[in-house]
Amino acid sequence: MHLDAIDMRILSEIQEDASLTNAELAARVGLSASPCLARVRALDEAGIITRRVALLDPVMLGADVSVFIQVTLEKQTEALLDVFEAAMARFPEVMECYLMTGDSDYLLRVVVRDTVALQHFIVDRLSKTRGVANIRSSFALKQVKYKTALPLEALATPRTRR
């Protein structure tokens, strides 16, 4: 799907506030409501917009501990990778999971209430996941930057910047 400047403005606006009504979005991007809705639907159908969510404050909800965990598997077979990834998908504490290059096989971002909850997660769940050989964790002391919006301007081709 070719994205023009209006599509990019629509994406930029809804990345910042997905609760905008179609009329509000249309006004912000300089379209009438009907063509704006058609463009949003096309972006949805193309898979560019994958979902709309509300972002919650983890600290306000008692999730005070954010931890990055490096996991090394016994071996990198497709079967073990699949088992590990399926397990991570089931663990609600795992916010992000990446297959990595380098010293560890996976990098997880985990959010828990406190260190006791982290201990239970690591000892009772993560370490018992088939194929896990090594676990190293690092606590985040302070979140310096957190974004969910993609840098559309930096990703735009010269054609979509007009």
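Residues numbered from 1 in each chain as written. Predicted model: local features only at pLDDT ≥ 70, side-chain atom pairs only at ≥ 80, totals over all residues. Heavy atoms only, no water.

1. What about the pattern of salt bridges?
The following threshold applies: What makes a salt bridge here is a side-chain nitrogen of Lys or Arg within 4 Å of a carboxyl oxygen of Asp or Glu, nothing more. The way it works is that DSSP assigns letters per residue, a run of H or I at least four long becomes a helix, a run of E at least two long becomes a strand, and they are numbered from the N terminus. Residue exposure (1.4 Å probe, protein chains only): buried if accessible area is under 20% of the type maximum, exposed if over 50%, otherwise partly exposed.
In total, this model carries seven salt bridges according to the counting rule given. Asp4 is the partner of Arg39 in a salt bridge, and the nearest nitrogen-oxygen pair spans 2.9 Å. Residue Arg39 is located in helix α3 (residues 33-45), and its partner Asp4 is located in the segment before α1 (5-16); the two are separated by 35 residues in the primary sequence. Assessed through its relative accessible area of 22%, Arg39 is described here as partly exposed. Residue Asp7 is joined to Arg39 by a salt bridge in which the shortest nitrogen-to-oxygen separation is 2.9 Å. On the criterion of sequence distance, the pair formed by Asp7 in helix α1 and Arg39 in helix α3 is long-range, its members being 32 residues apart.

2. A look at the environment of Asp105
Worth spelling out the cut-off: It only takes one pair of heavy atoms within 4.5 Å for two residues to be counted as in contact.
Tracing the backbone shows Asp105 in the loop between β2 (94-99) and β3 (106-112). Sequence separation between Asp105 and Lys75 is 30 residues; the distance between their C-alpha atoms is 9.3 Å. Dropping the residues within four chain positions of it, Asp105 is found in contact with Val71, Thr72, Leu73, Gln76, Tyr98, Leu99 and Met100.

3. Details of the UniProt feature "domain: HTH asnC-type" (unreviewed entry) in the chain
Rule in force here: UniProt positions are given in the numbering used here, feature names are shortened, and annotations may be inferred rather than shown by experiment.
The residues that UniProt annotates with the feature "domain: HTH asnC-type" (unreviewed entry) are residues 3-64. Here residues 3-64 runs as 53% helix and 0% strand, with 40 Å between its end C-alpha atoms.

4. Description of the side chain of Thr129
Topologically, Thr129 is positioned in the loop between α5 (115-126) and β4 (132-139). Residues contacting Thr129, with those up to four places away along its chain left out, are Phe84, Ala87, Met88 and Phe91.

5. Some remarks on the pairing of β2
Definition in use: When DSSP locates at least two bridges between a pair of strands, those strands are taken to pair.
Bridge analysis of β2 against β3 gives five bridges, and the strand direction is antiparallel. Bridging from a neighbouring strand, Leu99 pairs with Tyr106 of β3. If you look at the hairpin formed by β2 and β3, you'll find six residues sitting between the two strands, and Gly102 has a positive phi there, around 100 degrees.

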